[in-house]
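# Geometric and topological summary
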Amino acid sequence: MAPVRLRHPNGVSSIEVSFEPEFTVQDLQQEIYATTQILPSRQILKAGYPPRSLTLVPELPIQSLGLQRGDQIFVSEAAEAASPARVQSIPQTQSIPAQPIPASASVPAQRSAPTQRSAPGPTPRSPPAQSSGPDSVEVDGGFLVHRVVPDDNSCLFSSAALVFEQSISKAPQMRKVVADGIRNNPETYTEGILGMPPPQYITTISKPTTWGGAIELAILATHYSAEIASIDVETGRIDHFTPGEYGSASTGMRAIFIYSGIHYDAASLAPMVDAPSEWHQTLFPIQSPDDSSDPILIAAKKLADILRSKKAFTNTATFDLKCEQCGQGLKGEKGARAHAEQTGHVRFGEY
């Protein structure tokens with residue numbers, strides 16, 4: 001371990017980091033978070049003289065930042081509406097952020113949404129333009145409302161707590177549900193599926209700074225005996241996580257999650273857009289096996305359309321990077337990881 005000096009909004013501090021390959025950028029960000037209370041998703045780091053911006057790819061080793069022993073890191077906090085073009089944190093699956101999953105492994109309980117067709121019955125419509133407040137879509141005499149949760153690396157768990165327990169304060173309880181689900185189902189959640197030994201995965205996912213993704217959604221769906229439909233803002237795709245395949249009888253209810261590429265929110269139905277939270281319905285009867293015939297899913301896709309029109313998503317798969325050691329252009333986190341494995345190069349920058 002070696003000391004690294006931090007200059008941050010609250011003063012000057014020192015942290016201990018390792019320059020060994022197993023110490024990652026994410027580990028560094030967590031150390032910085034513990035000292036500064038600036039969330040990893042909002043950290044902007046610079047180093048050197050003159051200070052240069054550091055490209056943060058959490059899975060890569062700390063050497064990817066080009067830091068040297070004794071360097072000083074300048075830490076600032078990004079505004080909440082910072083441009084999504086900057087990589088603050090990158091999900092570890094192609095479509096949903098989760099712990100690493102081998103390409104050959106299938107994600108439990110996930111199926112692709114069918115091709116969308118024109119839907120019968122009433123088509124959801126957007127309410128009149130709002131000057132403030134959450135986005136919403138009118139449906140069935142109420143409004144499907146975008147329920148925004150904090151951007152604090154526990155967004156999936158906060159959304160689940162809001163939907164299933166009616167309080168995001170119970171997000172830590174959702175992590176425990178996931179840990180117990182892995183511990184109690186060793187034949188399903190093997191090292192091959194998790195990308196690491198199950199005890200290590202349990203320890204990692206129990207940390208408040210660790211993202212959740214497909215594995216966590218499948219376990220939560222099983223625990224609550226309800227389907228989770230995750231709607232991708234960028235593509236409009238719906239990924240379904242169902243409890244039936246794991247011995248848990250479904251209640252026939254469905255929760256709606258909204259996925260922006262690096263963040264999860266929830267959606268709920270309310271009689272008015274600004275109705276108090278206790279008036280919101282967070283679970284919905286599955287009215288049709290066809291996504292294009294279910295009014296709540298139609299409304300959820302319309303809500304994703306509104307967010308897409310506002311560019312409220314991040315495509316980390318197509319982000320442009322450049323290897324600072326050989327100059328090769330790379331596409332996205334996947335390209336950076338493959339290049340690092342082939343060449344041993346670990347320093348990458350933005351174009």
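Bear in mind the structure is a predicted one, so any value in this text is a computation, not a measurement.

### Overview of the pattern of salt bridges
- Applying the stated criterion across every chain yields a total of nine salt bridges.
- In this structure, R254 and E227 form a salt bridge, with 2.7 Å as the shortest nitrogen-oxygen distance. Of the two residues, R254 sits in strand β11 (residues 253–259) while E227 sits in strand β9 (residues 227–232), which places them 27 residues apart along the sequence. Neither residue differs from the other here; R254 and E227 are each classed as buried.
- Here R308 ties to D305 by a salt bridge, and the two come within 2.8 Å at their closest N and O atoms. Of this pair, R308 and D305 both sit in helix α7 (residues 295–309), three residues apart, which is roughly one turn of the helix.

### A closer look at the pairing of strand β14 (residues 320–323)
- A one-sided burial pattern is seen for β14, the buried positions being L321 and C323 and the unburied ones D320 and K322.
- As judged from the three bridges shared by β14 and strand β15 (residues 329–331), these two strands associate in the antiparallel manner. Looking across to β15, one finds that D320 is bridged to K331.
- In sequence, β14 turns back onto β15 through a hairpin of five residues, with G327 there showing a positive phi of about 85 degrees.

### Overview of helix α5 (residues 198–205)
- For α5, the set of buried residues is Y201, I202, T204 and I205. An end-on view of α5 places all buried positions within 165 degrees of arc, on one side of the element.
- Looking at the packing, one finds that the buried side of α5 touches α2 (155–165), α3 (171–184), α4 (191–194) and α6 (214–224).

### A closer look at the pairing of strand β10 (residues 238–241)
- Every second residue of β10 is oriented toward a common face, with I238 and H240 on one face and D239 and F241 on the other, all of them buried.
- Examined bridge by bridge, β9 and β10 share four bridges and lie antiparallel to one another. Each residue of the ladder has a partner; that of A229, found in β10, is H240.

### Quick notes on the sheet that holds strand β1 (residues 2–8)
- Read across the open sheet, the five strands follow the order β2-β1-β5-β3-β4; overall the sheet is mixed. Each end of this open sheet is capped by a strand with a single partner; those strands are β2 (11–17) and β4 (52–53).
- When strand β3 (residues 43–47) meets β4, the two strands line up antiparallel, connected through two bridges. Looking at β4, one finds that A47 is bridged to R52.
- Each of β1, β2, β3 and β5 (72–77) is contacted by helix α1 (residues 25–36), which is oriented at about 140 degrees to β2, the strand it contacts most.

### Describing the packing of α2 against α3
- Contact geometry of α2 with α3 gives a least axis separation of 8 Å together with a crossing angle of 100 degrees. One way to sum up the angle between α2 and α3 is to call them roughly perpendicular. Together, F157, S158, A160, A161 and E165 of α2 and A171, Q173, M174, R175 and V178 of α3 make up the contact between the two elements.
- Broken down by class, the residue content of the contact of α2 with α3 amounts to six nonpolar, two polar and two charged.

So, how was this worked out
Residues numbered from 1 in each chain as written. Predicted model: local features only at pLDDT ≥ 70, side-chain atom pairs only at ≥ 80, totals over all residues. Heavy atoms only, no water. Salt bridge = Lys/Arg side-chain N within 4 Å of Asp/Glu carboxyl O. Helix = DSSP H or I, 4+ residues; strand = E, 2+ residues; numbered from the N terminus. Buried < 20%, exposed > 50% of the residue type's maximum accessible area, 1.4 Å probe, protein only. Pairing = 2+ DSSP bridges. Arc of directions from axis to C-beta. Contact = heavy atoms within 4.5 Å. Axes fitted to C-alpha atoms, helices over the stretch in contact; angles between N-to-C directions. Parallel < 35°, antiparallel > 145°, perpendicular 65-115°, else oblique. Nonpolar A, V, L, I, M, F, W, Y, C, P; charged D, E, K, R; others polar.

Read these as geometric descriptors, not functional statements.
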